[in-house]
Amino acid sequence: MVVQSDTQKNGGGFGGLRTLVRRKQVDSVHTKSSSSSSGHGQNQLAKSLTIPHLIAIGVGSTIGAGVYILVGTVAREHSGPALTFSFLIAGIAAALSAFCYAELASRCPSAGSAYHYSYICVGEGVAWLIGWALILEYTIGGSAVARGISPNLALLFGGPNSLPSFLARHTIPWLGVTVDPCAAILVFVVTGLLCVGIKESTFVQGIVTVANLCAMIFVIIAGGYLGFKTGWPGYKLSSGYLPFGADGMLAGASTVFFAYIGFDSVASTAEEVKNPQRDLPMGIGFALSICCTLYMLVSAIIVGLVPYYAMDPDTPVSSAFTSHGIHWAAYIITVGACTALCSTLMGSILPQPRILMAMARDGLLPSFFSDVNKSTQVPVKSTIVTGLLAGTLAFFMDVEQLSGMVSVGTLLAFTMVAISVLILRYIPPDEVPLPSSLQEAIDSVSLRYNISNSSPGDLEVENTKNDGITPEENAPLLVTKGSPNEYPLLEKASGQCNSLVNEVNRRKIAGWAIIITCIGVLILTSAASSLYLNNPLRFTLCGFGGVLLSSGLIILTLIDQDDARHSFGHTGGFICPFVPVLPIACILINVYLLINLGAATWTRVSIWLVVGILVYASYGRKNSSLRNAVYVPAAHVDEIYESSNSQP
């Protein structure tokens, strides 16, 4: 058995780059018990969530006020009466990501969501960028939602300028800034509620979500009655059911896809779920199913009540009822919009403290963010920082122009989660980082295996001396002469060498197939979206990308998945179906949507990511919890922990 410290593993001229691909261990009973014994047990969150709580979080975070606006905009510009099918197609596309999230959440049930999965399956560098992008997403998303609540509240008071003066928006002339006290107050109220406890805040979110669902059910029932009474005039058009053709319906699906963003908030609470292997997949699945069903029913009703070209793009739902003489319905719909925004605000602020906490646990952020309150068992400090930041932005800034940046974080996370599923199935991590405090147990087990597989004369103990590495960072590296691999993790008896070489080749082929697939997706989607290119070049690039994508898919379909996938992480949970087709389709859809977000959005996001790279280079890389880790074969982790526990 070969054991390497992280400094040895990342040594040489490329040591700095190799730190970007170091991966952490899946949290297990051993790691939790080790954390408790070392005095970090207070950093565990309360396990108090069940399926109903998760459904409330998922539905509340997903169904925002956007559905009350998207119906009119998308129907007028893209889908027409086929809007219902646009929502269905978008729901199926979102379900692909949900399947990937469900498997990873049940296998790796710890706080951090996509950041956590990327760190385990891909590496530290990518995980940092995903976490950094999610911080941007939830901060701007929460601020944007809060800014959208005050106009809807004003409508309940009688008009756009009907709010009390201490809540109404005011413009500061010498600064040219419009402040929104109502938005800031709501953010601070939600922040205080989240600090009370996860079960209490989820209960309140459930009540608010139910109020929103009641408004949507009213739209469905009352609108259905009106439709049958008037004969569904919106469907009796000479232009037919697809006035913009199939392309318009698909364009509408790509727009309404963003109405499904939010179910990933369920995965961020994985550490607080009582039975994550069962409850997390069911919570994600039920939440997404409820959202898709409601979206389709509401869109079918509204499009049937009013011809698509006559819809009000700003208030399509309430105007549909007004056109049939039911003016009072606008108040119910406005209440639904307000409750939807409040629930979405809670869903936007809830995940970020847990991501900050996860990153701080891994040493990538200061330990301040990893503190968990002993009485409420929530990351209160991280929650307060998140609330202060989001509240300040909501008070001073009109973040609507930055709302596209929210989609970047989500789509990057969706893409990386799908890639993580492919890695988990075909090339799961076969070496695990353990704390240097277990060095004695590691050496004992390592020596035992080397003695059993080699004669005494065949063993050598080396201390690899690396430039810039202190003596205490060097750990013994046990190697065997005549090793068949450059960096063997576990040497087997001579009779098993052929199978070992075959397994190494299979992993290399699978790894390259995943890389080729991702490159093909990037080329294909970029070329398909680059309308400014001349057609011959564009079609050539699309063909080349399609060949790479198809080649990777065929190779992954033909080769066997890794047997270690059965024991990776926590077993007994949800298994994503149709691998590799489903994750690759998920990657294709999300990358296409990412590329089409626009140059302005990517310019803003690039600035944020560059700042993140500088923060990681100056702090995260140097303080990572893996900097002194010792990497051992995954097959021997349990044995090492048992050996450690048996030592006096």
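Quick note: structure is the one above.
Remember, predicted model here, so these are calculated numbers, not experimental data.

Caption draft 1: Representation of the nonpolar core in the model. One finds Tyr 68, Tyr 101, Ile 302, Phe 321 and Leu 345 to be the most contacted residues of the largest nonpolar core, which totals 154 residues. Examining the composition of this core, we find that 15 residues originate from one element, helix H18 (residues 404-426), more than from any other. Residues contacting Tyr 101, with those up to four places away along its chain left out, are Ser 113, Ala 114, Tyr 117, Phe 263, Asp 264, Ala 267, Ile 284, Ala 413, Phe 414 and Val 417. Listed in part, the 11 residues of the second largest apolar core include Leu 438, Val 445, Val 630 and Val 637.

Caption draft 2: Molecular detail of the side chain of Glu 124. For Glu 124, the location among the structural elements is in helix H8 (residues 124-156). Side chain to side chain, Glu 124 and Tyr 616 meet in a polar contact 2.5 Å long. At a separation of 2.7 Å, a polar atom in the side chain of Glu 124 contacts the side chain of Ser 624. Ignoring anything within four residues of it in the chain, the contact list for Glu 124 reads Thr 19, Leu 20, Val 21, Arg 22, Tyr 119, Leu 364, Tyr 616, Arg 621, Ser 624 and Leu 626.

Caption draft 3: Up close: the pattern of salt bridges. Overall, the coordinates contain 12 salt bridges when judged by the stated rule. Residue Arg 169 pairs with Asp 180 through a salt bridge whose shortest N-O separation is 2.8 Å. You can see Arg 169 sitting in the loop between H8 and strand S2 (170-172) and its partner Asp 180 sitting in the loop between strand S3 (177-179) and helix H9 (181-196), a full 11 residues away along the chain. Taking the relative accessible area as the measure of exposure, Arg 169 reaches 38% and is therefore partly exposed. Given a relative accessible area of 0%, Asp 180 falls into the buried group. In this structure, Arg 354 engages Glu 272 in a salt bridge whose closest nitrogen and oxygen atoms are separated by 2.8 Å.

Caption draft 4: Fine view of the packing of helix H4 (residues 51-62) against helix H10 (residues 198-230). Interaxial distance between H4 and H10 falls to 9 Å at its minimum, and their mutual angle equals 55 degrees. Viewed along their axes, H4 and H10 adopt a mutual orientation that is oblique. H10 is crossed by H4, and the crossing has left-handed handedness. On H10, the residues touching His 53, Ala 56, Ile 57, Val 59, Gly 60 and Ser 61 of H4 are Lys 199, Thr 202, Gln 205, Gly 206, Thr 209 and Leu 213.

Caption draft 5: Quick peek at the packing of aromatic side chains. Taken as a whole, this structure holds 23 aromatic pairs when the rule is applied. Here the aromatic rings of Phe 218 and Phe 321 are separated by 5.8 Å at their centres, their planes lie at 20 degrees, and the arrangement is stacked. A residue pair is termed long-range when its members are at least 10 positions apart, and Phe 218 in helix H10 and Phe 321 in helix H14 (residues 316-322) qualify at 103 residues. For the pair formed by Phe 218 and Phe 321, the shared burial category is buried. For the pair Phe 257 and Phe 414, a centre-to-centre distance of 6.5 Å together with 85 degrees between the ring planes defines the contact as edge-to-face. Highlighted residues: Phe 257 in the loop between helix H11 (245-256) and helix H12 (265-268) and Phe 414 in helix H18, separated in sequence by 157 residues. Taken as a pair, Phe 257 and Phe 414 share a single burial class, namely buried. Ring-pair connections join several aromatic residues into one group, and the members of that group are Tyr 101, Tyr 117, Phe 257, Phe 258, Phe 263 and Phe 414.

Reading the values: rules and limits
Residues numbered from 1 in each chain as written. Predicted model: local features only at pLDDT ≥ 70, side-chain atom pairs only at ≥ 80, totals over all residues. Heavy atoms only, no water. Core = buried A, V, L, I, M, F, W, Y, C linked by side-chain atoms within 4.5 Å. Buried < 20%, exposed > 50% of the residue type's maximum accessible area, 1.4 Å probe, protein only. Helix = DSSP H or I, 4+ residues; strand = E, 2+ residues; numbered from the N terminus. Contact = heavy atoms within 4.5 Å. Polar contact = N/O pair within 3.5 Å; in protein donor to acceptor, adjacent residues only side chain to side chain. Salt bridge = Lys/Arg side-chain N within 4 Å of Asp/Glu carboxyl O. Axes fitted to C-alpha atoms, helices over the stretch in contact; angles between N-to-C directions. Parallel < 35°, antiparallel > 145°, perpendicular 65-115°, else oblique. Left-handed = near helix turned anticlockwise from the far one by under 90°. Phe/Tyr/Trp six-rings, centres within 6.5 Å; stacked < 30°, edge-to-face > 60°.

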